[in-house]
Amino acid sequence: MKFTFTDKKVTLPKSVHRYAEKKVGKLDRYFKTEAEAKLVFSVEKDQNKVELTIRSGSTILRVAESTSDMFASIDAAVTSMERQLRKHKTRLEKRLRQGAFVQPAGEEETSFVPEAEESEFQVVRTKKFPLKPMTVDEAILQMDLLGHAFYAFKEEDGGAFAVVYRRNDGGYGLIEDEG
């Protein structure tokens, strides 16, 4: 597994990076191709935050955890990632490595919580509406007027499909079509 570490607003000792590499490296067994792990460490409001993003082929998995201790945040992020992998294991086994979810011999399950029954994705509502060409500012204004967390539109200058969304930090994000 390839690792990329980013320290935002904090300078961490190499021991934290080594610890994260050791813990996140255990997730490598789930991937058939070499995965790339990106870890972003930051300190916000007396909380040590770890954002873990793993990319393997076209699959991207992301979790973020924050606690009062950086090592505990790393452990929590790895646990959340494993939970996410197990939750979607039947769908992911088709994309990831076959047999990755088989319990190795001699290793005991440490969680006694029964796994939730996995169901198919269910679309409960479909909407159709014309995508109007507009600027990003107009799309954000429209999104705010509707009280939505995101808004899909066509870009005025190129007519490409785009989505604006409200970020957790209060800012806005833009997703654009590369084509």
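Refer to the structure printed above.
These lines cover the structure that appears in this document, whether it is placed above or below. Quick caveat, the model's predicted, so the values are computed rather than measured.

### Here's the deal with the pattern of salt bridges
Pairing between side chains of opposite charge can happen when the charged atoms of each approach one another. This model, assessed by the stated rule, comprises four salt bridges. The partner of R166 in a salt bridge is D144, and the shortest N-O contact between them spans 2.4 Å. Residue R166 is found in strand 7 (residues 161-166), and its partner D144 is found in helix 4 (residues 136-146); the two are separated by 22 residues along the sequence. For R166, a relative accessible area of 36% corresponds to the partly exposed category. D144 sits in the partly exposed class, given a relative accessible area of 34%.

### Overview of helix 1 (residues 14-25)
With twelve residues, helix 1 should cover 16 Å at 1.5 Å per step; its first-to-last C-alpha distance of 16 Å lies within 8% of that length. For helix 1, the complete set of buried residues consists of V16, H17, A20 and V24. Each buried residue of helix 1 sits inside an arc of 95° when the element is viewed along its axis, so together they form one side. Opposite the buried face of helix 1, by more than 90 degrees, sit the exposed residues K14, R18 and K22.

### Some points on the sheet that holds strand 1 (residues 2-8)
Strands sit in the order 1-2-3-4 across an open sheet of four strands; the sheet is mixed. Of all the strands in the sheet, just strand 1 and strand 4 (59-67) have a single pairing partner and so form its edges. Direction aside, the axes of adjacent strands within the sheet are offset by 15° on average. In the sheet, strand 2 (residues 36-44) pairs with strand 3 (residues 47-56) via nine bridges, with the strands oriented antiparallel. The residue of strand 3 that forms the bridge with A37 is I54. This element, helix 1, spans strand 1, strand 2 and strand 3 of the sheet and lies at about 135° to strand 1. The strands touched by helix 2 (residues 70-87) are strand 2, strand 3 and strand 4; relative to strand 4, the strand with the most contacts, the crossing angle is about 145°.

Calculation notes
What you see as residue numbers is a count from 1 along each chain, following the sequence as written. The model is predicted, so local features are restricted to residues of pLDDT at least 70 and side-chain atom pairs to those at 80 or more, both for listing and for counting; the totals for chains, interfaces and linings are taken over all residues. Side-chain measures here rest on the full set of heavy atoms in the structure, leaving out hydrogens and waters. Each reported salt bridge corresponds to a side-chain nitrogen of Lys or Arg within 4 Å of a carboxyl oxygen of Asp or Glu. In this description a helix means any DSSP run of H or I spanning at least four residues, a strand means any run of E spanning at least two, and both kinds are numbered starting from the N terminus. Exposure is judged per residue with a 1.4 Å probe applied to protein chains only, and the accessible area is read against the type maximum: over 50% gives exposed, under 20% gives buried, and values in between give partly exposed. Multiplying one less than the number of residues by 1.5 Å gives the expected span of a helix. To obtain the arc, one takes the directions from the helix axis to the C-beta atoms. One requirement defines pairing of two strands: DSSP has to find at least two bridges between them. With axes taken as lines fitted to C-alpha atoms, and helix axes fitted only over the stretch in contact, angles between N-to-C directions fall between 0 and 180 degrees. When checking whether two residues touch, look at their non-hydrogen atoms; a contact exists if any pair is within 4.5 Å.

Take it as geometry only, folks, not as evidence of what the structure does.
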